[in-house]
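Structural features, examined
This is what each chain is made of:
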Amino acid sequence: MPARSLKDGSDEQNCVIVCADGSNKIFEKQLCDGIKDCKDGTDEDNCVLEPIHCPDGSNAYDPSKACNGVKDCADGSDEENCSR
Ligand SMILES: [Ca+2]
Ligand SMILES: [Ca+2]
């Protein structure tokens with residue numbers, strides 16, 4: 001089990017997306033992960049599978065790999081907007 005939470009919960013704040021029907025709050029990385037986290041499955045319906053290009057041009061990564069704890073960009077920018 002990955003430890004996802006920091007003591008102050010600061011890692012929880014930037015990645016949370018509210019389902020369209022308000023049934024749940026999910027992390028950005030739960031979008032397009034193949035599991036319906038929203039009751040209506042909207043987190044899987046609105047998948048944008050186009051790769052995101054790293055600002056530094058080092059790589060392009062799947063949106064589901066943002067906030068997954070692994071640096072897909074050489075500069076780690078794909079992890080920057082979710083863990084603090
Ligand atoms: Ca999901
Ligand atoms: Ca990543």
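Everything quoted here is computed from the prediction, not taken from an experiment.

Reading the values: the criteria
- Each chain has its residues counted from 1, running along the sequence as written.
- Labels are handed out in written order, letters beginning with A for the chains and numbers beginning with 1 for the ligands.
- With pLDDT at 70 or above as the cut-off, local features in this predicted model cover only qualifying residues; side-chain atom pairs require 80 or more to be listed or tallied, and sums for whole chains, interfaces and linings still use all residues.
- Under the scheme used here, helices are H or I runs from DSSP no shorter than 4 residues and strands are E runs no shorter than 2 residues, and both carry numbers assigned from the N terminus.
- Partly exposed residues are those whose C-beta has more than 12 but fewer than 20 other C-beta atoms within 10 Å; with 20 or more the residue is buried, with 12 or fewer it is exposed, and the C-beta atoms are placed from the backbone.
- What counts as a contact is two residues whose backbone-derived C-beta atoms lie within 7 Å of each other.
- Per-residue confidence from the prediction method is given by pLDDT, with values spanning 0 to 100.

Quick word on the overall build of the protein
Helices and strands together make up the secondary structure of the protein, namely three helices and four strands. The N-to-C order of helical and strand elements in the protein reads α-β-β-α-β-β-α. In the protein, buried positions account for 11% of the 84 residues. The long-range fraction of contacts in the protein, counting pairs at least 24 apart against all pairs at least 6 apart in sequence, stands at 22%.

So, the confidence of the model for the protein
With 75% of its residues at a pLDDT of 70 or more, the protein shows a mean pLDDT of 80. Within the protein, the element-level pLDDT minimum falls on helix H1 (residues 10-13), averaging 55, and the maximum on strand E4 (residues 60-61), averaging 91.

So, the environment of Lys 25
Examined against the element boundaries, Lys 25 turns out to sit in strand E2 (residues 25-27). Accessibility expressed as a C-beta count within 10 Å gives 14 for Lys 25, which makes it partly exposed. When the C-alpha atoms of Lys 25 and Cys 38 are compared, they prove to be 7.8 Å apart, with 13 residues separating the residues in sequence. Discounting chain neighbours no more than four positions away, the residues touching Lys 25 are Val 16, Ile 17 and Val 18.

Some thoughts on unusual backbone geometry
In this structure, Cys 67 is a non-glycine residue whose phi angle is positive, near 65°. On the secondary structure map, Cys 67 appears in the loop between E4 and helix H3 (77-80). Among the residues examined, Cys 67 registers 22 C-beta atoms within 10 Å and is labelled buried.

Some remarks on the environment of Gly 76
Tracing the chain through its elements places Gly 76 in the loop between E4 and H3. Separated by ten residues in sequence, Gly 76 and Ala 66 have C-alpha atoms that sit 9.7 Å apart.

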